[in-house]
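Close look at the chain arrangement
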Amino acid sequence: MSDSNALVPSHDRGGALDLGGDSQDFVTANIGKQLFGIPVLTVQDVLGPQRITRIPLSPPEVAGSLNLRGRIVTAIDVRKRLGLRDKDDDDPGMSIVVDQGGELYSLMVDQVGEVLSVPKKAFEQNPATLDPRWREFSDGIFRLDKKLLVILDVTRLLDFTSSIKQAG
């Protein structure tokens, strides 16, 4: 299968998490009861509820598209992408807009938290007990006070080629 099904072109896919310096900054997001982190340098904007237009024949994780100041942005339902159940409540959630390869994507999450700066020495590889689907999209973890911060690899999150191969 060619990379034509990838939301992020293969030539734009970066390497692993950059942990240069003494700390790394992440925009935090809650999905269910889990805390996730997205590298702050990839984040362009944080949005409240938006009107999303469904895209016919798109993968189920693609919620649709929205208009952000005249630019078309593809909305990704991160909850579905991670294999989680739909929310029980009617709270529309929030979105974190990221730039990948010059294209904007809206990552739909339950709630956006704060920008968290964590020391790079606290970084750990994904534990073997982490859900395999989450491991596919995670660069690693940070153990915080009473919480686990799972770092999302935005490039892999937006690459639908492996999902299509598994489904086909």
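Residues numbered from 1 in each chain as written. Predicted model: local features only at pLDDT ≥ 70, side-chain atom pairs only at ≥ 80, totals over all residues. Heavy atoms only, no water.

With an unreviewed UniProt entry as reference, the protein chain is termed Chemotaxis protein CheW, source organism Thalassospira povalilytica.

Among the nonpolar cores identified, the biggest contains 26 residues, and I38, V78, L82, I96, V98 and L107 are the most heavily contacted of them. Secondary-structure elements contributing two or more residues to this core are β1 (23-31), β2 (34-39), β6 (94-100), β7 (103-109), α2 (132-137), β11 (147-152) and α3 (154-157). Leave out the neighbours within four places in its chain, and I96 touches V27, A29, I38, V43, D45, Y105, S106, L107 and V112. (Core = buried A, V, L, I, M, F, W, Y, C linked by side-chain atoms within 4.5 Å. Buried < 20%, exposed > 50% of the residue type's maximum accessible area, 1.4 Å probe, protein only. Helix = DSSP H or I, 4+ residues; strand = E, 2+ residues; numbered from the N terminus. Contact = heavy atoms within 4.5 Å.)

By secondary structure assignment, the location of E124 is in strand β9 (residues 123-124). For the pair formed by E124 and D139, sequence separation is 15 residues and the distance between their alpha carbons is 9.0 Å. For E124, the residues in contact, after removing those within four places along its chain, are G140, I141 and R143. Within the structure, the side chain of E124 is placed 3.0 Å from the side chain of R143, a separation counted as a polar contact. (Polar contact = N/O pair within 3.5 Å; in protein donor to acceptor, adjacent residues only side chain to side chain.)

Glancing now at the sheet that holds strand β10 (residues 138-144). Spatial ordering of the open sheet is given by β8-β1-β2-β11-β10-β9, a layout of six strands whose pairing is mixed. Two strands bound the open sheet, and with one partner strand each, they are β8 (111-119) and β9. Two elements, β2 and β11, share three bridges in a ladder whose sense is parallel. Paired with L35 across the strands is L149, a residue of β11. (Pairing = 2+ DSSP bridges.)

Right, let's talk about the sheet that holds β7 for a bit. Ordered by their spatial adjacency, five strands build an open sheet running β3-β6-β7-β5-β4, and the pairing between neighbours is mixed. This sheet does not close on itself; its edge strands, each paired only once, are β3 (43-47) and β4 (62-68). Ignoring strand direction, the axes of neighbouring strands in this sheet form an average angle of 30°. As defined by bridge partners, β6 adjoins β7 across seven bridges and the pair is classed as antiparallel. Looking at the pairing, V98 lines up with Y105 of β7. (Axes fitted to C-alpha atoms, helices over the stretch in contact; angles between N-to-C directions.)

We now examine the environment of I38. Along the polypeptide, I38 turns up in strand β2. I38 sits in the buried class, given a relative accessible area of 2%. Every residue in contact with I38, bar those within four places of it in the chain, is listed here: D25, F26, V27, V43, I96, V98, L107, L152 and V154.

One can find S58 in the loop between β3 and β4. For S58, a relative accessible area of 17% translates into the label buried. For S58, the side chain forms a polar contact with the main-chain oxygen of I55, separated by 2.8 Å.

The next subject is the pattern of salt bridges. In the structure shown here, the tally under the stated rule is seven salt bridges. The closest approach of N and O atoms between R156 and D139, which form a salt bridge, is 3.7 Å. Of this pair, R156 sits in helix α3 while D139 sits in strand β10; the two residues are 17 residues apart in sequence, bridging distant segments of the chain. A relative accessible area of 32% means that R156 is categorised as partly exposed. Shared partners join several salt bridges into a network, and the residues in it are E61, R81 and R133. (Salt bridge = Lys/Arg side-chain N within 4 Å of Asp/Glu carboxyl O.)

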